[in-house]
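# Fold and contact review
As a plain string of letters, each chain reads:
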Amino acid sequence: SFRGPRMRAALRAMEVFVTRRIPPAGLQVLAEAGGCAVRLWDSEEPVPRAKLLAAVAGKQGLLCLLSDRVDAELLEAAGPGLKVISTMSVGFDHLDLHEIKKRGIRVGYTPDVLTDATAELCVALLLATCRRLPESAEEVKNGGWTTWKPLWMCGYGLSGSTVGIIGLGRIGQAVARRLKPFGVKKFLYAGSRPKTEIAAEFQAEFVPITRLAEEADFVVVTCALTPETQGICNKDFFCRMKKNAVFINTSRGAVVNQEDLYDALVNGQIAAAGLDVTTPEPLPTDHPLLSLKNCVILPHIGSATYSTRNTMSVLAAKNLLAGLKGEPMPSELLL
């Protein structure tokens, strides 16, 4: 599955490895670049670890995805010539930043360009979960729809509600902006520090995560995965939530303790959950969460619009090329 178009043969100095068949707009940017020989894992599926380690050897650049683990082992395999890592993602929990910084390697990522698409998906998932859309669609197919019934398939509405957002970053703000017109009465947010100016737009109140859990009708998780946020949505968190509250996670799966979430959903501690991210990904088809009617799980499609993915691939390619040339990147993660 390797493909290696030699681009402008005269300028072969810089060699890069691209870990997946990225959208065509990004590949085109690389193809048109001088001074850069691209080797591509030409597949929709991830490159096997052993082949990845072999492929990065001697390369100056690496363009990777969030499913590629970039750790000390990989950096050793690449060798001292690796100058730049460009990830086609806004999250960077798959990168060992300590090891990367130690070696003086620059990192590019793709924030901003996927904010709107991810926020739209987050709102869609929230509505699908709280109004029981997948469950209702299934009832139409399996004959469960017999007549109009006053309380059948009732869910929870946004109008007059309190929404708690964990992580009021770019995506969290974009979600709040979209939810406000639904008639949300109050926004709460939790995070590492207050963001007073940003929060003013939604009259959002900065609160401890425990209070957010206790007061929110809808909890939306849009924070980055860090050592501080790993597993913060756990048994204690779900026990504090209202019995009629809905939990939505579009950040990273590891922010949530999935066993605790399963127990909360089964025991009626919370009403429902919607997840676009899980641990692991993909979630095994026999996973207990998939047996629950009050849990909607999507296959990590937050940024999955054609235009967004193409834009992400272009930005990732431009970050890579800028890093190779020692120029400022359009979006650099400053280590």
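Residues numbered from 1 in each chain as written. Predicted model: local features only at pLDDT ≥ 70, side-chain atom pairs only at ≥ 80, totals over all residues. Heavy atoms only, no water.

Naming follows an unreviewed UniProt entry, where the protein appears as Glyoxylate reductase/hydroxypyruvate reductase of Crypturellus soui. What UniProt states about the protein under its Sequence similarities (unreviewed entry) heading is, verbatim, "Belongs to the D-isomer specific 2-hydroxyacid dehydrogenase family." (UniProt positions renumbered as here; feature names shortened; annotations may be inferred.)

Here we take up the overall build of the protein. When you go through the protein residue by residue, the secondary structure sums to 12 helices and 14 strands. Taken over the C-alpha trace, the protein has a radius of gyration of 22 Å; the compact-globule value for 335 residues is 20 Å, and the two agree within 12%. The principal-axis extent of the C-alpha atoms belonging to the protein is close to 75 × 50 × 30 Å. Of the roughly 15900 Å² that the protein leaves accessible, carbon and sulfur atoms contribute 55%. In the protein, 38 side chains carry a positive charge and 34 a negative one; their mean positions are 4 Å apart. (Helix = DSSP H or I, 4+ residues; strand = E, 2+ residues; numbered from the N terminus. Rg over C-alpha atoms; globule rule 2.2 N^0.38 Å. Areas by Shrake-Rupley, 256 points an atom, 1.4 Å probe, with all protein chains shown as cover. Lys, Arg positive; Asp, Glu negative; His and termini not counted. Charge placed at Lys NZ, Arg CZ, Asp CG, Glu CD.)

A few words on the UniProt feature "domain: D-isomer specific 2-hydroxyacid dehydrogenase NAD-binding" (unreviewed entry) in the protein. Here the UniProt feature "domain: D-isomer specific 2-hydroxyacid dehydrogenase NAD-binding" (unreviewed entry) sits at residues 123-302. Here residues 123-302 runs as 31% helix and 15% strand, with 10 Å between its end C-alpha atoms.

Sites flagged by UniProt as "domain: D-isomer specific 2-hydroxyacid dehydrogenase catalytic" (unreviewed entry) map to residues 16-332. Counted over residues 16-332, helix gives 35% and strand 15%. Its end C-alpha atoms are 18 Å apart.

With that out of the way, let us pick up the sheet that holds strand 12 (residues 272-275). Note: strands within a sheet are paired through backbone hydrogen bonds, in either parallel or antiparallel orientation. Pairing within the open sheet is parallel, and its seven strands lie in the order 9-8-7-10-11-12-13. Strands with a single pairing partner mark the edges of an open sheet, and in this sheet they are strand 9 (205-206) and strand 13 (295-297). In terms of strand pairing, strand 7 (residues 162-166) meets strand 8 (residues 186-190) through five bridges, oriented parallel. By the bridge assignment for strand 8, I165 is matched with Y189. Each of strand 11 (246-249), strand 12 and strand 13 touches helix 11 (residues 258-266); the most contacted strand, strand 12, lies at about 145 degrees to it. (Pairing = 2+ DSSP bridges. Contact = heavy atoms within 4.5 Å. Axes fitted to C-alpha atoms, helices over the stretch in contact; angles between N-to-C directions.)

What follows concerns the pairing of strand 10 (residues 218-221). By the alternation rule, side chains of strand 10 split into F218 and V220 and V219 and V221, which are all buried. Bridge count for strand 7 against strand 10 is four bridges, and the pairing is parallel. Each bridged residue has a counterpart across the sheet, and for G164 the counterpart in strand 10 is V219. Bridge count for strand 10 against strand 11 is four bridges, and the pairing is parallel. Within strand 11, the residue paired with V221 across the bridge is N249. Taken together, strand 10, helix 10 (residues 235-240) and strand 11 form a β-α-β motif whose crossover is right-handed. (Buried < 20%, exposed > 50% of the residue type's maximum accessible area, 1.4 Å probe, protein only. Right-handed = clockwise from strand over helix to strand, strands pointing away.)

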